[in-house]
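The primary structure of each chain is shown beneath.
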Amino acid sequence: MVLEDRGDPENPVTGLEYGAKDGFYRYHEPERQKAAKGLVSKLEAKIGARFDDKIPYAAYHYLPQLIAYRNITAERVANQTANAFAFDACESLDERWTKPGEGESASPDDVVNFWDLKPHQGTIAHPEGGLAVYGETLPLRLAPPSWGRVPLFRKQHVDPGRGHVHGRAFVSGAKTPGV
């Protein structure tokens, strides 16, 4: 979605209407429809091209029903993807996405402009020149895979409290900060 096409913002001070959750913004139905139409058209084109890469032109000539299969598959996958974003309705293959109503989502501006790089132990960039970690970094300890018996208990409606996880990450034998 291109935010410059939003027209006059509801809130001229911020340029966006804030949503109910921190980092979320309210999007109106016309802009959600525009974004969904763009997504569906790109997906249909990509999926159709993928079929064309795998199926020779002569096959379409001798079996014209392959064209229908290609088009139906592209349409249903594109609809399913758009419905997943519009309504979290991954099971729906129809065109419900054409009437998404209003909704809230993280803005691309939020990701680009407000996800500051956070230093971890005085280092911002990945030591091997890769991407730095965005957001808050917490150490994570992963146990080696193993089989074991785990007793099952009924769900308890009490807060078990907080725990702490500690560990170190290594890449090619070198300690890696920020992972």
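Owing to the predicted nature of the structure, the values given are computational and were not obtained by experimental measurement.

Analysis parameters
Residues numbered from 1 in each chain as written. Predicted model: local features only at pLDDT ≥ 70, side-chain atom pairs only at ≥ 80, totals over all residues. Heavy atoms only, no water. Helix = DSSP H or I, 4+ residues; strand = E, 2+ residues; numbered from the N terminus. Contact = heavy atoms within 4.5 Å. Areas by Shrake-Rupley, 256 points an atom, 1.4 Å probe, with all protein chains shown as cover. Phe/Tyr/Trp six-rings, centres within 6.5 Å; stacked < 30°, edge-to-face > 60°. Lys NZ or Arg CZ within 6 Å of the ring centre and 35° of its normal. Patch = residues over 30% accessible without salt bridge, like charges linked within 9 Å, V, L, I, M, F, W, Y side chains within 5 Å. Salt bridge = Lys/Arg side-chain N within 4 Å of Asp/Glu carboxyl O. Buried < 20%, exposed > 50% of the residue type's maximum accessible area, 1.4 Å probe, protein only. Polar contact = N/O pair within 3.5 Å; in protein donor to acceptor, adjacent residues only side chain to side chain. Axes fitted to C-alpha atoms, helices over the stretch in contact; angles between N-to-C directions. Left-handed = near helix turned anticlockwise from the far one by under 90°. Nonpolar A, V, L, I, M, F, W, Y, C, P; charged D, E, K, R; others polar. Core = buried A, V, L, I, M, F, W, Y, C linked by side-chain atoms within 4.5 Å.

1. Structural notes on the overall build of the protein chain
Step number 1: Within the protein chain one finds 4 helices and 4 strands.
Step number 2: Of the contacts formed within the protein chain by residues at least 6 apart in sequence, a portion of 56% connects residues at least 24 apart.
Step number 3: For the protein chain, the accessible area works out to roughly 14,400 Å², and carbon and sulfur atoms hold 56% of it.

2. Let's talk about the packing of aromatic side chains
Two descriptors summarise a pair of aromatic rings, namely the distance from one centre to the other and the angle between the planes of the rings.
Step number 1: If you walk through the whole model with that rule in mind, you get 0 aromatic pairs.
Step number 2: We note Arg-70 situated over the ring of Tyr-60; from NZ or CZ to the ring centre the distance is 5.1 Å.
Step number 3: Between Arg-96 and the ring centre of Phe-87, over which it is positioned, the NZ or CZ distance is 4.9 Å.

3. Details of a nonpolar patch on the surface
Step number 1: Residues Leu-140, Leu-142 and Val-165 make up a contiguous nonpolar surface patch of roughly 330 Å² in combined accessible area.
Step number 2: On the secondary structure map, Leu-140 appears in the loop between α4 (108-114) and β3 (170-171).
Step number 3: Residue class for Leu-140 comes out exposed when judged on its relative accessible area of 52%.

4. Considerations on the side chain of Ser-92
Step number 1: Here Ser-92 is to be found in the loop between α3 (65-87) and β2 (103-106).
Step number 2: Judged by relative accessible area, Ser-92 falls into the buried class, the value being 9%.
Step number 3: Once residues lying within four places of it in the same chain are set aside, the contact partners of Ser-92 are Asn-79, Gln-80 and Asn-83.

5. A few points about the environment of Gln-33
Step number 1: Within the secondary structure, Gln-33 is located in helix α1 (residues 29-54).
Step number 2: Residues Gln-33 and Ala-82, 49 residues apart in the sequence, show an inter-C-alpha distance of 10.0 Å.
Step number 3: Polar contacts involving the side chain of Gln-33 include one to the main-chain carbonyl oxygen of Thr-98, which spans 2.7 Å.

6. Description of the packing of α1 against α3
Step number 1: Axis separation between α1 and α3 bottoms out at 8 Å; the angle between their running directions is 145 degrees. For α1 against α3, the interelement crossing comes out right-handed. Seen from α1, the contacting residues are Arg-32, Leu-39, Val-40, Leu-43, Glu-44, Ile-47, Gly-48, Phe-51 and Asp-52; seen from α3, they are Tyr-69, Arg-70, Thr-73, Ala-74, Glu-75, Val-77, Ala-78, Asn-79, Thr-81, Ala-82, Phe-85 and Ala-86.
Step number 2: Residues of the contact of α1 with α3, tallied by class, amount to 12 nonpolar, 4 polar and 5 charged.

7. Focus on the nonpolar core
Step number 1: Counting 6 residues, the largest nonpolar core is built from Ala-36, Val-40, Ala-78, Ala-82, Ala-86 and Trp-97.
Step number 2: Only α1 and α3 provide two or more residues apiece to this core.
Step number 3: In terms of residues, this core owes the most to one element, α3, which gives 3 residues.
Step number 4: Each residue touching Ala-82, except ones within four places of it in the same chain, is listed here: Leu-39, Val-40 and Trp-97.

8. What about unusual backbone geometry?
Step number 1: A positive phi is found at Asp-88, a non-glycine position, where the angle reads about 60 degrees.
Step number 2: Along the chain, Asp-88 turns up in the loop between α3 and β2.
Step number 3: Residue classification places Asp-88 among the exposed positions, given a relative accessible area of 63%.
Step number 4: Despite not being glycine, Ser-172 has its phi angle at roughly 50 degrees, a positive value.
Step number 5: You can see Ser-172 is positioned in the loop between β3 and β4 (174-175).
Step number 6: Using a relative accessible area of 76% as the deciding quantity, one classes Ser-172 as exposed.

9. Concerning the pattern of salt bridges
Step number 1: Taken as a whole and assessed by the stated rule, the structure comprises 3 salt bridges.
Step number 2: Of the charged contacts in the structure, one is a salt bridge between Arg-26 and Glu-102, with a shortest N-O distance of 3.2 Å. Of this pair, Arg-26 sits in strand β1 (residues 24-27) while Glu-102 sits in the loop between α3 and β2, and the two are 76 residues apart along the sequence.
Step number 3: Under the relative-accessibility criterion, Glu-102 is labelled partly exposed at 46%.
Step number 4: We note a salt bridge from Arg-26 to Glu-104, for which the minimum N-O separation is 3.0 Å. Of this pair, Arg-26 sits in strand β1 while Glu-104 is found in strand β2, placing the two residues 78 residues apart along the sequence.
Step number 5: Residue class for Arg-26 comes out partly exposed when judged on its relative accessible area of 26%.
Step number 6: A residue is classified by how much of its surface remains accessible, and Glu-104, at 30% relative accessible area, is partly exposed.
Step number 7: Within this structure, Arg-26, Glu-102 and Glu-104 form a network of salt bridges that share partners.

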